[in-house]
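A structural walkthrough
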Amino acid sequence: MKQFALTTLCIATLLPTLANADFIEDSSVSLTARNFYLDRNFTDPEVTSPAAKQWVQGFILNAKSGYTEGTVGLGLDVYAGAGFNLWGDKEYLPVVLQQTPTKSNGDPVDSFGEIGVTGKAKVSETEVKVGTLFPVNPVLVGSPARLLPQTYRGVALESKDIDRIKVEAGYVDRVNHRDSTNWEHIHLSGANKKYNSVEADGLYYIGGYYYLRPETTFALYHANLDDVYNQYTFWARNTHHFNERYKLFNDFRYFRTVEAGAAKAGNVDSHHGNAVIALGVDNHTFTTGYIHNSGETGFPYLSGGEANTYIDAWATDFLNPKEKAWSVRYDYDFKNEIPGLKLMMRYTEGTEIELDNLRAHYQAKGNYQMDEDLEERKFGVELSYQLQSTRLKGLFVRLRHENYKNNFGPDATFRTAKEQRVNIDYTWKF
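Just so it is clear, the model here is predicted, and its values are computed rather than measured.

**Side note on the pairing of strand 18 (residues 324-333)**
- Pairing of strand 17 (residues 284-294) with strand 18 involves nine bridges; the strand directions are antiparallel. Of the residues in strand 18, the one forming a bridge with Thr 288 is Val 328.
- Summarising the sheet, strand 18 and strand 19 (residues 341-353) pair through 10 bridges and their orientation is antiparallel. In the sheet register, Asp 331 faces strand 19, and the bridge partner there is Met 344.

Okay, here's the thing in structure tokens:
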């Protein structure tokens, strides 16, 4: 309540100063109602938790102003989110899959809300934002994958003043996770015990994109997680249209990460590369991909979200030490039969995995013997439909199923499971 009052006071103070034609006329407001059901059934007999299930309803408001007139344009963005637990209790709510905050007894709260304010300034094609951020770049992602989005607190700069080049830089020092309403310190993910989940004071990044042409893009980025790691990444993407029926798409991403400063997480030595080639034929797309992890440790990323790799999954990350994985995917767009309906099927398998920290954990407990050859694989299907007309044009429905298997044991972060997700979103634009 205190945060809401302060935010309202801030907006009320600034609006008389900012209000003019561009500020109002270039503004936009959208409201999304999101209904989300998640059901992850752990099928490994060694896992004590039988399932993770929760049904929730959320509302996401985004109000974005234009800029005031003058050499330096000023603006203000406001984000507000509210969530309601429709079904689910602590019996079916492991921490890794929470979508809502919890009470002291472990049950989810009945309702929760959050609000974020972002001040912005613009000179020519250079924009600076301060406050609540929704970053999406090669080294930092505010995950939108659950009921409410993951947000960061900090400052971000974006410049497009140079032709064909976009430059980005930023610093974040706090995170508001998808199942939380307060700012917390940033942590390194400890998934599958690859690293200790250490706390960092902040993360800064700098980098940019070069657009050789609209279909060909290159990117270079650097990030520093304070006293934890330095990360460098290179991207290359290209789409070639042979004719109206055939096109070829390729995406290559390479990340090099090493420890930095006080090295709070210990040794960090990761090479990660992933590459995909996709052939589009009319409404069909056939994709094949490869993931290569090398170095002494696994790929590091921030807790509560995910890494910005092209080949992803809902129930795992394929970022373990030494892991090699291959993936095949098929997409079909029913635009000629049922406009707005799309199908995706994907299979990914990872081998040559080394989880020494997790193996040592089991040896210390003496209650589980890991296999010598570790592997994981998953098969996923997604069907989505976006209404194209009528009064319900903003309605989007997505159904997801994934069958995931590994032999990492009961204490791994990612465990053998079958998962269903149902999203129903409706967006109003004002």
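**Quick look at the environment of Phe 84**
- Mapping Phe 84 onto the fold places it in strand 3 (residues 73-87).
- Relative accessible area serves as the criterion here: at 35%, Phe 84 is assigned to the partly exposed category.
- It is 33 Å that separates the C-alpha atoms of Phe 84 and Glu 46, two residues lying 38 residues apart in sequence.
- Other than its neighbours up to four places away in sequence, Phe 84 contacts Trp 55, Val 56, Gln 57, Phe 59, Asp 110 and Ser 111.

**Side note on the nonpolar core**
- Core analysis: the biggest nonpolar cluster contains 43 residues, and Leu 188, Leu 203, Leu 225, Val 228, Tyr 229, Leu 302 and Phe 408 have the highest contact counts within it.
- Listed by contribution, the elements that provide at least two residues to this core are strand 8 (151-159), strand 9 (165-176), strand 12 (203-213), strand 13 (216-225), strand 14 (229-241) and helix 3 (356-365).
- It is strand 13 that provides the largest number of residues to this core, a total of four residues.
- Setting aside its immediate chain neighbours within four residues, Leu 203 contacts Leu 140, Gly 170, Tyr 171, Val 172, Ile 186, Asn 224, Leu 225, Tyr 229 and Leu 302.
- In this structure, Phe 36, Leu 38, Val 56 and Leu 147 belong to the second largest nonpolar core, which totals nine residues.

**Structural notes on the layout of surface pockets**
- Each pocket or cavity is described by its volume, and for the largest pocket that value is around 1,300 Å³.
- Lining of the largest pocket is provided by 46 residues; of these, Ala 145, Arg 178, Gly 305, Glu 306 and Ala 313 occupy positions nearest its centre.
- Those elements that place two or more of their residues in the lining of the largest pocket are strand 18, strand 19 and strand 21 (395-406).
- Across the lining of the largest pocket, the residue classes break down as 18 nonpolar, 12 polar and 16 charged.

**What to know about the confidence of the model for the chain**
- For the chain, mean pLDDT is 91; residues scoring 70 or higher make up 93% of the total.
- Segment residues 1-9 is flagged for pLDDT under 50; beyond a separation of four residues in sequence, or across chains, it makes five contacts in the model.
- When the criterion is pLDDT under 50, residues 11-15 qualifies, and its contacts beyond four places in sequence or with other chains add up to four contacts.

**Some details on the packing of aromatic side chains**
- In total, this model carries 12 aromatic pairs according to the counting rule given.
- Centroid distance Tyr 79 to Phe 134: 5.4 Å. Interplanar angle 80 degrees. Geometry classified as edge-to-face. Of this pair, Tyr 79 sits in strand 3 while Phe 134 sits in the loop between strand 5 (126-133) and strand 6 (136-137), placing them 55 residues apart in sequence.
- Accessibility expressed as a relative area gives 39% for Phe 134, which makes it partly exposed.
- With a centroid separation of 5.4 Å and an interplanar angle of 45 degrees, the aromatic rings of Phe 286 and Tyr 330 are classed as tilted. Of the two residues, Phe 286 is situated in strand 17 and Tyr 330 in strand 18; the sequence distance between them amounts to 44 residues.
- Residue classification places Phe 286 among the partly exposed residues on the basis of a relative accessible area of 42%.

**Points about helix 3**
- Burial in helix 3 covers these residues: Leu 358, Arg 359 and Tyr 362. All buried residues of helix 3 fall inside an arc of 100 degrees around its axis, so they share one side. Exposed side of helix 3, more than 90 degrees from the buried face: Asp 356, Gln 363 and Ala 364 are the residues found there.
- One or two positions beyond helix 3, positive phi appears at Gly 366, with a value near 70 degrees.

**A closer look at unusual backbone geometry**
- Phi at Asp 282 takes a positive value of approximately 55 degrees, unusual for a residue other than glycine.
- Structurally, Asp 282 can be placed in the loop between strand 16 (269-281) and strand 17.
- Non-glycine residue Lys 322 carries a positive phi angle of around 65 degrees.
- Considering the arrangement of structural elements, one finds Lys 322 in the loop between strand 17 and strand 18.

**Re the side chain of Arg 346**
- Summarising the element assignment, Arg 346 is placed in strand 19.
- Owing to a relative accessible area of 5%, Arg 346 belongs among the buried residues under this scheme.
- When residues no more than four places from it in sequence are discounted, the contact partners of Arg 346 are Asp 312, Ala 313, Trp 314, Ser 327, Val 328, Arg 329, Lys 378, Phe 379 and Gly 380.

What counts as what
Residues numbered from 1 in each chain as written. Predicted model: local features only at pLDDT ≥ 70, side-chain atom pairs only at ≥ 80, totals over all residues. Heavy atoms only, no water. Pairing = 2+ DSSP bridges. Helix = DSSP H or I, 4+ residues; strand = E, 2+ residues; numbered from the N terminus. Buried < 20%, exposed > 50% of the residue type's maximum accessible area, 1.4 Å probe, protein only. Contact = heavy atoms within 4.5 Å. Core = buried A, V, L, I, M, F, W, Y, C linked by side-chain atoms within 4.5 Å. 1 Å grid on protein atoms, 1.4 Å probe; cavity = no way out; pocket = protein on both sides within 12 Å on 5 of 7 lines; lining within 4 Å. Points joined across faces, edges and corners; volume = space filled by probe spheres on them. Nonpolar A, V, L, I, M, F, W, Y, C, P; charged D, E, K, R; others polar. pLDDT = per-residue confidence, 0-100. Phe/Tyr/Trp six-rings, centres within 6.5 Å; stacked < 30°, edge-to-face > 60°. Arc of directions from axis to C-beta.

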